[in-house]
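As a plain string of letters, each chain reads:
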There are 2 protein chains.
Amino acid sequence: MAGEGDLKLLGTAASQFVARVRMALNMKGVRLYEYIEQDLFNKSSLLLESNPVHKKVPVLIHNGQPIAESLAIVEYVDEVWHTAGAPILPADPYQRAVARFWAAYTDTKLLYAYIGVNIAATEEERVEKVNETVAATSQLETVLADGKAFFAGDSVGYLDIVVGCHLSWLEAFSKMYGVVLIDATKTPLFAAWAERFGETEAAKGVVPKTDAVAEYAKKRRAEALAVKRKN
Amino acid sequence: MAGEGDLKLLGTAASQFVARVRMALNMKGVRLYEYIEQDLFNKSSLLLESNPVHKKVPVLIHNGQPIAESLAIVEYVDEVWHTAGAPILPADPYQRAVARFWAAYTDTKLLYAYIGVNIAATEEERVEKVNETVAATSQLETVLADGKAFFAGDSVGYLDIVVGCHLSWLEAFSKMYGVVLIDATKTPLFAAWAERFGETEAAKGVVPKTDAVAEYAKKRRAEALAVKRKN
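Residues numbered from 1 in each chain as written. Chains lettered and ligands numbered in written order. Predicted model: local features only at pLDDT ≥ 70, side-chain atom pairs only at ≥ 80, totals over all residues. Heavy atoms only, no water.

Caption draft 1: The overall build of chain A, seen in detail. Secondary structure summary: chain A contains 9 helices and 4 strands in total. Its helices and strands taken in sequence order, chain A reads β-α-β-α-β-β-α-α-α-α-α-α-α from the N to the C terminus. Its C-alpha atoms give chain A a radius of gyration of 18 Å, near enough to 17 Å, the size a compact globule of 231 residues would have. With respect to the three principal axes, the spread of C-alpha positions in chain A is 50 × 50 × 30 Å. (Helix = DSSP H or I, 4+ residues; strand = E, 2+ residues; numbered from the N terminus. Rg over C-alpha atoms; globule rule 2.2 N^0.38 Å.)

Set out below in structure tokens:
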């Protein structure tokens, strides 16, 4: 295993993108890092200095060098700890490209759909966003066809943690709004995968708690509705 | 050089993301491919079959295997033709992460700012989006500090083609709306880089013509304004 060196992760308990990075570190067996919880409503000088462009989490600081953007961090972790644990990205260039395609899909189509559930101004808008979310999971489900246990095949890989980090947000919003975002009837393969993913070593101890997600999401909803009222 | 095999690129003359892929192929000296122009207002069965999720260009089809998402394609080209031409991504994991960070910045902050210039409903909104665009180029300019000729250093690399493919859109909108999006006073390093980039082998013959961009952008503006009027 590569020496961890000085490794810090700036995060928040609710962030799905921080969870993604922690899942990547779990996959590589990297557990000796300092996790530093951030308050996004009162940002620390460490956060402002290490991610001056976006001022957001996650930021991984490795031997003093900060990296932001969760997908870039996951690739970094895979490259730096390439001899530790299983590879995160597939080895084959075509399979890597396909995985990156679905990662981009997840962080736009799936993300914006379920975020829309939280900031919907009307019941009609919420129903629309629920349908969009289930449609996105339905698209992702096509990757799980052929009886694969995980997106990457027999075991967890890149796309599993890319999608998996969003699961507790889908669960939190399902509870908060009394809707079904992980639909065992419409998307049985996705729902079964979600159950399975939660039991993996990658997910262990790093999945955001739905209470933390709910508390954070309520603040973001209040902000979004205030902006909508102004416009 | 790796054998090209059967290589097709589905594109449009105006697309900056198609240009990005062609720039990557130029960097690798891959010139023996079939470029197939698409009509996005009347989509071909080849496009619908090869990118069923988004139905968008670019799609690179290599030996019958389709790949979508321009950044995923660029990484694929770099990996498959790794022995041809200069590497596109930096070799160092940290520098790769930094380049990927700025790529994500470019395709969100810069892109949405200048697209906003085109679809602005009022003069006030347009001014705001012009300012956002210049602010984004100003952020990118920080990467060019220390007298670097290109984002990647002495020669063209990943971030150069990621940003460079947007330049003719900035030029087209500057002309169409009588605004200054590449501002030699406010962002002298970025403006000088833009001039320099246009002269490179990477850009040669593949930069979208501003007329093609203007024609396409007018259609998109009409669509966007129709949606805004309905809401």
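Caption draft 2: Focus on a positive patch on the surface. Together, A:Lys43, A:Lys55, A:Lys56 and B:Lys109 make up a positively charged patch on the protein surface. Residue class for A:Lys55 comes out partly exposed when judged on its relative accessible area of 34%. (Patch = residues over 30% accessible without salt bridge, like charges linked within 9 Å, V, L, I, M, F, W, Y side chains within 5 Å. Areas by Shrake-Rupley, 256 points an atom, 1.4 Å probe, with all protein chains shown as cover. Salt bridge = Lys/Arg side-chain N within 4 Å of Asp/Glu carboxyl O. Lys, Arg positive; Asp, Glu negative; His and termini not counted. Charge placed at Lys NZ, Arg CZ, Asp CG, Glu CD. Buried < 20%, exposed > 50% of the residue type's maximum accessible area, 1.4 Å probe, protein only.)

Caption draft 3: Here's a closer look at the sheet that holds strand β4 (residues 65-68) of chain A. Residue and element names in this part refer to chain A. Within the open sheet, the 4 strands sit side by side as β2-β1-β3-β4. Their pairing is mixed. Edge positions in the sheet fall to β2 (34-37) and β4, since each of these pairs with one other strand and no more. The sheet shows a mean angle of 20° between the axes of neighbouring strands, taken without regard to direction. Pairing analysis gives 4 bridges linking strand β3 (residues 59-62) to β4, with the strands arranged antiparallel. Bridge pairing links His-62 to Gln-65 in β4. The strands touched by helix α1 (residues 16-27) are β1 (7-11), β2 and β3; relative to β1, the strand with the most contacts, the crossing angle is about 150°. (Pairing = 2+ DSSP bridges. Axes fitted to C-alpha atoms, helices over the stretch in contact; angles between N-to-C directions. Contact = heavy atoms within 4.5 Å.)

Caption draft 4: Quick look at the nonpolar core. Core analysis: the largest hydrophobic core is formed by 73 residues, its most contacted members being A:Phe151, A:Ile161, A:Phe173 and A:Trp193. Per-element accounting of this core gives the leading share, 9 residues, to helix α4 (residues 93-119) of chain A. In this structure, this core is formed jointly by two domains, domain 1 (7-80) and domain 2 (93-230) of chain A, each of which donates at least three residues. With 72 residues, the next largest nonpolar core counts B:Leu111, B:Ala136, B:Leu140 and B:Cys165 among its residues. (Core = buried A, V, L, I, M, F, W, Y, C linked by side-chain atoms within 4.5 Å. Domains from an automatic or database assignment.)

Caption draft 5: Layout of the environment of B:Ala214. Turning to its location among the elements, B:Ala214 is positioned in helix α9 (residues 210-230). A C-alpha to C-alpha distance of 23 Å links B:Ala214 and B:Ser44, two positions 170 residues apart in sequence.

Caption draft 6: Here's a closer look at the relation of the copies chain A and chain B. When chain A is fitted onto chain B, the two copies agree to an RMSD of 0.0 Å after a turn of 180° and an axial shift of 0.0 Å. What we have between these two chains is a two-fold relation. A share of 100% of interface residues in chain A that are also interface residues in chain B marks the association as one of identical surfaces. (Least-squares fit on C-alpha atoms with pLDDT ≥ 70 in both.)

Caption draft 7: Region of interest: helix α5 (residues 123-141) of chain B. Residues and elements named next belong to chain B. Taking 1.5 Å of rise per residue, 19 residues should cover 27 Å, and α5 covers 27 Å from first to last C-alpha, within 8% of that figure. Along α5, the positions that sit buried rather than exposed are Arg-126, Lys-129, Val-130, Thr-133, Val-134, Ala-136, Thr-137, Leu-140 and Glu-141. Mapping the buried residues of α5 onto a view down its axis gives an arc of 155°, with all of them on the same face. On its buried face, α5 sits against α4 (93-119), α6 (158-164), α7 (167-177), α8 (188-198) and α9. (Expected span 1.5 Å × (residues − 1). Arc of directions from axis to C-beta.)

Caption draft 8: Molecular detail of the sheet that holds strand β4 (residues 65-68) of chain B. All names here are of chain B. Spatially, the 4 strands line up as an open sheet ordered β2-β1-β3-β4, and their pairing is mixed. The open sheet has two free edges, formed respectively by β2 (34-37) and β4, since each of these has just one partner strand. Pairs of neighbouring strands in the sheet enclose a mean axial angle of 20°, with direction left out of account. By the bridge criterion, 4 bridges tie strand β1 (residues 7-11) to β2 in an arrangement that is parallel. When the bridges of β2 are listed, Leu-9 appears paired with Tyr-35. Those strands touched by helix α1 (residues 16-27) are β1, β2 and β3 (59-62), and its axis lies near 150° from that of β1.

Caption draft 9: A look at the packing of α1(A) against helix α3 (residues 70-80) of chain A. All names here are of chain A. Running from N to C, α1 and α3 cross one another at 5°; their axes reach a closest spacing of 9 Å. Considering their axes alone, α1 and α3 lie roughly parallel with respect to each other. Side by side, α1 and α3 meet where Phe-17, Arg-20, Val-21, Ala-24 and Leu-25 of the first sit next to Ser-70, Leu-71, Ile-73, Val-74 and Val-77 of the second. (Parallel < 35°, antiparallel > 145°, perpendicular 65-115°, else oblique.)

Caption draft 10: Structural view of unusual backbone geometry. Residue and element names in this part refer to chain A. Backbone torsion omega between Val-57 and Pro-58 reads 0°, so that peptide bond is classified as cis. By the element assignment, Pro-58 lies in the loop between α2 (45-50) and β3. One non-glycine residue with positive phi stands out, namely Asp-146, at about 65°. The residue Asp-146 is located in the loop between α5 (123-141) and α6 (158-164) in this model. Its relative accessible area of 79% is what places Asp-146 among the exposed residues.

Caption draft 11: Looking closely at the pattern of salt bridges. All names here are of chain A. Scanning the entire structure with this criterion turns up 26 salt bridges over all chains. Residue Lys-28 is joined to Asp-78 by a salt bridge in which the shortest nitrogen-to-oxygen separation is 3.3 Å. Placement of Lys-28 in the loop between α1 and β2 and of Asp-78 in helix α3 is noted, with a sequence separation of 50 residues between them. We classify Lys-28 as buried; its relative accessible area is 1%. Looking at Asp-78, the relative accessible area reads 10%, which means it is buried.

Just geometry here; none of it tells us what the structure is for.
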